[in-house]
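Descriptive structure summary
Each chain, written out:
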Amino acid sequence: MKLADNKATLSFSNGSPSVDLPVYQGNVGPDVVDIRKLYAQTGMFTYDPGFLSTASCQSAITYIDGDKGELLYRGYPIEQLATNCDFMETCHLLLYGELPNPTQKADFTKLVTNHTMVNEQMQFFLRGFRRDAHPMAIMTGLVGALSAFYHDSTDITNPQHREIAAIRLIAKMPTLVAMAYKYTIGQPYMYPKNNLSYAGNFLHMMFATPCEEYVVSPVLERALDRIFTLHADHEQNASTSTVRLCGSSGTNPFAAIAAGVACLWGPAHGGANEACLNMLTDIQKMGGVAKVGEFMEKVKDKNSGVKLMGFGHRVYKNYDPRAKLMQETCKEVLAELGLENDPLFKLAMALEKIALEDDYFVSRKLYPNVDFYSGIVQRAIGIPTPLFTAVFALARTSGWIAQLNEMIGDPEYKIGRPRQLFTGSEKRDVKPIATR
Ligand code: SDX
């Protein structure tokens, strides 16, 4: 970051001395006012719950222009990456800053492929769960449990160790997600196959059984690979910020990523794809498109607590570019599977059309986000609804670990320790219980 020739002056109406604050510029996007010395100089904190106006870090990985609806991974537009690259190239780009050449891609893919197996002991963690456990409950446990196998072989101050931890996490997430799925349906786990692509291997571990050959559909393989790319990273979203804050204590990468999995589960975040599919299914049950108007009235009624899941975003005040690409992928997969008339897809498109013409949504700049169509295409691929967020976590692990390694690789990083505006009781003495 570079010092701007501008600066901020904070003055107080009570006569307290004003304070000059430096302004820094990034390469693109909003400048920042550096408030790191504010408390020392004024004895005051800033107040920004939800971090609506707060940059928590400097990063060179992902840039979002919310007004334009633009998403760049290391400068490359998501539309170009989703069309011209695959997820392995995207992982390489996020981790190392550049798209790989053919040799680098082959080496990176081989490295990931050779780390897809998990320790045989991992399977015994699953036995503690009920068969109907939510896959994200299982994933939160399994990812944290990975640290039991590697925390003493991962010195996070060692760049090579940070790199191998990244490879292990990217490589093992599909295996763990497929194990979580197989466990809930009572089928045997399928081991990774090194002759398959990253997405093909995931499909095989998910849907193959020891009883017969499973042939990976190239269309589903390509669709899933694109879904991974679309979910790979997204600046300082809630789960990435969780991973950074967790990792800032110096904990091992597996524990920090487990924290990200837990945060992503929430319906306001990565859990929205599952919530959106359930919302569409409920509307379909009530009568489908004919009931959309009634449903929208509930959404606009603040007291209903009903939200249009898959819509709205803290940063995008325009169409989420990932939603457009996801809708295209939806059309491709449904056409390939002869499901062009999928009622949920038609319902989703009707909902989108009505919302984008309704002042409630237009005035609040609410557009479809990445979660609006992702459930429909995952469902068409055969992925069960409760597993959608686990698939999101699988893909986002590449962004999480790239962001974590970027933070730890910065010699200036400190443990994150926000302060507060205290509104509780002032000091008071404990009274003996008999007198309370
Ligand atoms: C992801 O941060 C990221 O980058 C996340 C993500 C990533 O890749 O990491 O993009 C992935 O999490 C996408 C978002 C998935 N979540 C959902 O689809 C859940 C539904 N969306 C909302 O919960 C909401 O839009 C959020 C949480 C996504 C954003 O919330 P904000 O930024 O805090 O906005 P807000 O709640 O203050 O909303 C502003 C207004 C409010 O109305 P008013 O108080 O102004 O009258 O818009 C309304 C909200 O009630 N609103 C919605 C709505 N989203 C916002 N009303 C109905 N339906 C919605 N979906």
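Check the entry above for the structure.
Keep in mind that what you see is a predicted model, and the values were worked out from it rather than measured.

Here we take up the overall build of the protein. A count of helical and extended segments in the protein gives 18 helices and 6 strands. Taken over the C-alpha atoms alone, the protein extends approximately 80 × 65 × 55 Å along its principal axes. Of all 436 residues assigned to the protein, the portion counted as buried reaches 46%. Put simply, of all contacts in the protein between residues at least 6 apart along the chain, 69% involve residues at least 24 apart.

This next bit is on the sheet that holds strand β1 (residues 2-10). Across the sheet, which stays open at both edges, the 3 strands sit in the order β1-β2-β3 with antiparallel pairing between neighbours. Of all the strands in the sheet, just β1 and β3 (32-33) have a single pairing partner and so form its edges. Strand direction decides the pairing type here: β1 and strand β2 (residues 19-25), joined by 6 bridges, are antiparallel. In the strand pairing of β2, K2 is matched with Q25.

This part is about the packing of aromatic side chains. Tallying each qualifying case throughout the model produces 15 aromatic pairs. Ring geometry for Y198 against F228: centres 5.8 Å apart, planes inclined by 85 degrees, an arrangement best described as edge-to-face. Of this pair, Y198 sits in helix α8 (residues 198-207) while F228 sits in helix α9 (residues 218-231), and the two are 30 residues apart along the sequence. Residues F345 and Y373 carry aromatic rings whose centres are separated by 5.9 Å and whose planes lie at 70 degrees to one another, so their mutual orientation is edge-to-face. With F345 in helix α15 (residues 343-356) and Y373 in helix α17 (residues 371-381), this pair connects stretches of sequence that are 28 residues apart. Following the ring pairs from residue to residue traces out a cluster consisting of F311, F345, Y360, F361, F372 and Y373. The ring of Y183 has R131 sitting right over it, with the charged end atom 4.2 Å from the ring centre. Positioned over the ring face of Y39 is R419, at 5.9 Å from the centre of the ring.

F202, F228, M279, L280, L308, L351 and I381 are the most contacted members of the largest nonpolar core, which totals 115 residues. With 14 residues, the top contributor of residues to this core is helix α7 (residues 159-185). Residues within four places of M279 in sequence aside, it is in contact with F295, K307, L308, M309, L351 and F372.

Spatially, the 3 strands line up as an open sheet ordered β4-β5-β6, and their pairing is antiparallel. A single partner strand is all that each edge strand has here, and the edge strands are β4 (62-65) and β6 (76-77). As judged from the 4 bridges shared by β4 and strand β5 (residues 70-73), these two strands associate in the antiparallel manner. Residue pairing across strands places I64 opposite L71, the latter belonging to β5.

What follows is about empty space enclosed by the protein. For the coordinates displayed, the defined rule picks out 1 cavity of 30 Å³ or more. Approximately 70 Å³ is the volume attributed to the largest cavity. Forming the walls of the largest cavity are M88, T109, V112, T113, T116, K193, N194, L196, S197, Y198 and N201. Contributions of two or more residues to the lining of the largest cavity are made by α4 (102-113) and α8. By residue number, the principal contributor to the lining of the largest cavity is α4, which donates 3 residues. Of the residues contributing to the lining of the largest cavity, the split by class is 4 nonpolar, 6 polar and 1 charged.

This brings us to the site of the ligand. Close to the ligand lie 24 residues; H234, H313, R314, R322 and R396 are nearest. Side-chain polar atom of K302 to an oxygen atom of the ligand: 2.9 Å apart, as the coordinates give it. Within the side chain of R396, one N or O atom sits 2.8 Å away from an oxygen atom of the ligand. With the chains in place, 75% of the 1,000 Å² that the ligand exposes on its own is no longer accessible. Grouping the constituent residues of the shell around the ligand by class yields 10 nonpolar, 7 polar and 7 charged.

Attention shifts here to the packing of α7 against α8. Two elements in contact, α7 and α8, have axes whose closest approach is 8 Å; the angle formed by their N-to-C orientations is 20 degrees. Classed by the angle they form, the pair α7 and α8 counts as roughly parallel. The interaxial crossing formed by α7 with α8 has right-handed handedness. Along its contact with α7, which presents I170, P174, T175, V177, A178, Y181 and K182, the element α8 presents Y198, F202, M205, M206 and F207.

Burial runs high along α17: 10 of the 11 residues are buried. D371, F372, Y373, S374, G375, I376, V377, Q378, A380 and I381 are the residues of α17 that are buried. Elements that come into contact with the buried residues of α17 comprise α8, α9, α12 (272-286), α14 (321-336), α15 and α18 (388-408).

What follows deals with unusual backbone geometry. The phi dihedral of R74 falls on the positive side, at around 50 degrees, and the residue is not glycine. Looking at the secondary structure, you find R74 in the loop between β5 and β6. Positioned with a positive phi, K365 is a non-glycine residue whose angle comes to about 55 degrees. Secondary-structure assignment places K365 in the loop between α16 (359-363) and α17.

Conventions and cut-offs
- Residues numbered from 1 in each chain as written.
- Predicted model: local features only at pLDDT ≥ 70, side-chain atom pairs only at ≥ 80, totals over all residues.
- Heavy atoms only, no water.
- Helix = DSSP H or I, 4+ residues; strand = E, 2+ residues; numbered from the N terminus.
- Buried < 20%, exposed > 50% of the residue type's maximum accessible area, 1.4 Å probe, protein only.
- Contact = heavy atoms within 4.5 Å.
- Pairing = 2+ DSSP bridges.
- Phe/Tyr/Trp six-rings, centres within 6.5 Å; stacked < 30°, edge-to-face > 60°.
- Lys NZ or Arg CZ within 6 Å of the ring centre and 35° of its normal.
- Core = buried A, V, L, I, M, F, W, Y, C linked by side-chain atoms within 4.5 Å.
- 1 Å grid on protein atoms, 1.4 Å probe; cavity = no way out; pocket = protein on both sides within 12 Å on 5 of 7 lines; lining within 4 Å.
- Points joined across faces, edges and corners; volume = space filled by probe spheres on them.
- Nonpolar A, V, L, I, M, F, W, Y, C, P; charged D, E, K, R; others polar.
- Near = heavy atom within 4 Å.
- Polar contact = N/O pair within 3.5 Å; in protein donor to acceptor, adjacent residues only side chain to side chain.
- Areas by Shrake-Rupley, 256 points an atom, 1.4 Å probe, with all protein chains shown as cover.
- Axes fitted to C-alpha atoms, helices over the stretch in contact; angles between N-to-C directions.
- Parallel < 35°, antiparallel > 145°, perpendicular 65-115°, else oblique.
- Left-handed = near helix turned anticlockwise from the far one by under 90°.

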